[in-house]
Amino acid sequence: LLGPLLLPAAGHAQEQSLRERIQEFKDTRAKRSENKEIMAQDNTKGAIVLPFEGRDILVYAPKEMPTSGTRSMVMVFHGGMGNAGHIRATLNMESTADKYGFVIAYLNGTKASGLNDKFKAWNGGGGCCGKPFKENVDDVGYIERAAKFLSQNYGVKGGNIYGMGHSNGGIIIQRTLCERGVFSAIIPLSGPLNIETSHCEGASGKHVLAIHGLEDKNVPIGGGYGTKGVTDVLFLSEALAKKTFEDSGADYTLLALPNTDHSLKNIMDTIFKTQGITLGEKAARFFGLTNFKEKTP
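All values reported here derive from a predicted model rather than from experimental measurement.

Broken down by element type, the protein carries nine helices and 10 strands. Counted over contacts in the protein with a minimum sequence separation of 6, partners at least 24 positions apart contribute 68%. With an accessible surface of roughly 13300 Å², the protein has 50% of that area assigned to carbon and sulfur atoms.

In this section: the confidence of the model for the protein. Averaged over all residues, the pLDDT of the protein is 88; the fraction at 70 or higher stands at 84%. Under a pLDDT of 50 for its full length, residues 1-16 has, in the predicted model, 57 contacts with residues more than four places off or in other chains.

With 12 residues, helix α8 (residues 264-275) should cover 16 Å at 1.5 Å per step; its first-to-last C-alpha distance of 16 Å lies within 8% of that length. Where α8 is concerned, the buried positions are L264, I267, M268, T270 and I271. Buried residues of α8, seen end-on, are gathered within an arc of 160° and therefore sit on one face of the element. Between the side-chain oxygen of the N-cap and the backbone nitrogen of K265 there are 3.3 Å, and the N-cap of α8 in question is S263. Just beyond α8, the residue with positive phi is G276, at close to 75°.

Turning our attention to the state of the cysteines. One pass over the full model with this rule turns up two disulfides. Two residues share a disulfide in this structure: C128 and C129, whose sulfurs sit 1.7 Å from each other. As the torsion about the S-S bond is roughly -75°, the C128-C129 disulfide counts as left-handed. Per residue, the accessibility class of C128 equals that of C129, and both read buried.

Turning our eyes to something else, we now look at the sheet that holds strand β3 (residues 71-77). With mixed pairing, the eight strands of this open sheet are ordered in space as β1-β2-β4-β3-β7-β8-β9-β10. Strands at the two margins of the open sheet, each flanked by one partner only, are β1 (48-52) and β10 (251-257). Each neighbouring strand pair of the sheet contributes to a mean axis angle of 20°, computed without reference to strand direction. Bridge count between strand β2 (residues 55-60) and strand β4 (residues 103-107): three bridges; the pairing is antiparallel. Each bridged residue has a counterpart across the sheet, and for Y60 the counterpart in β4 is I104. Contacting β9 (207-213) and β10, helix α7 (residues 238-247) crosses the sheet at an angle of about 165° to β10. The strands touched by helix α9 (residues 279-287) within the sheet are β3, β7 (156-166), β8 (185-189), β9 and β10, with β8 carrying the most contacts at an inclination of about 150°.

Direction of pairing for β1 relative to β2: antiparallel, over a ladder of five bridges. From the neighbouring strand, L50 faces β2, where its bridge partner is I57.

What counts and how
- Residues numbered from 1 in each chain as written.
- Predicted model: local features only at pLDDT ≥ 70, side-chain atom pairs only at ≥ 80, totals over all residues.
- Heavy atoms only, no water.
- Helix = DSSP H or I, 4+ residues; strand = E, 2+ residues; numbered from the N terminus.
- Contact = heavy atoms within 4.5 Å.
- Areas by Shrake-Rupley, 256 points an atom, 1.4 Å probe, with all protein chains shown as cover.
- pLDDT = per-residue confidence, 0-100.
- Expected span 1.5 Å × (residues − 1).
- Buried < 20%, exposed > 50% of the residue type's maximum accessible area, 1.4 Å probe, protein only.
- Arc of directions from axis to C-beta.
- Polar contact = N/O pair within 3.5 Å; in protein donor to acceptor, adjacent residues only side chain to side chain.
- Disulfide = S-S within 2.5 Å.
- Pairing = 2+ DSSP bridges.
- Axes fitted to C-alpha atoms, helices over the stretch in contact; angles between N-to-C directions.

Quick look at the structure:
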């Protein structure tokens, strides 16, 4: 779910004052305009466009990296109604990749609806999201195969693959880690595990840092229907995701951000204001990617 493109969902909106509804409309319109501008840009410059099984992957590989076979990779997943180029432009974390010498791969889902092909989504389960869920697209299998393909092409060491995703992108990486493993650690942003299960086969020994705004009205941190959004999905809670992963042998940390909504930009701003580091830097530290030396003697 791409926060700035989301509209109030019918059937589950809570009562609001006229002033609140007018302000929400203005905010949504401004965010939609901003996102349309980003989506219209060419966000592939500086990246390699790598086709894989009918989808394009944007890959950024720093000029200086560890020896092939020892490298690390962060796979990044956009929200619903987004795409790889959009989240790449929003995250702006390639200077962090240069600093620590890791590969970033921005993956694309499949067409979200009958709208423009640029708007994509992932089958995260539990009704989320759009055509990929309705058509039961095997995104988990695709991600597993893409990870192997990219690792072979970029000299990534097994066990050095990490996942990061926003909203629907956070939901799909939680599902992928639960069902197949694939990642050693993940950072889902505003996206819980949304499949009903009491055990995650791929979770043992893995690490999760779930970041979620307490004011998220698109995908509520406590679960339930969002009062914003184009989807009418009953989301599961972050607390349930934490319990499921921990019962399955994973380490799961939930970072709940006060005064923060669903927007990825607002999450990034809150991290910077409260911790003094960028989201990219926080991710690199959590994934253990900070040992690379930029300059070799």
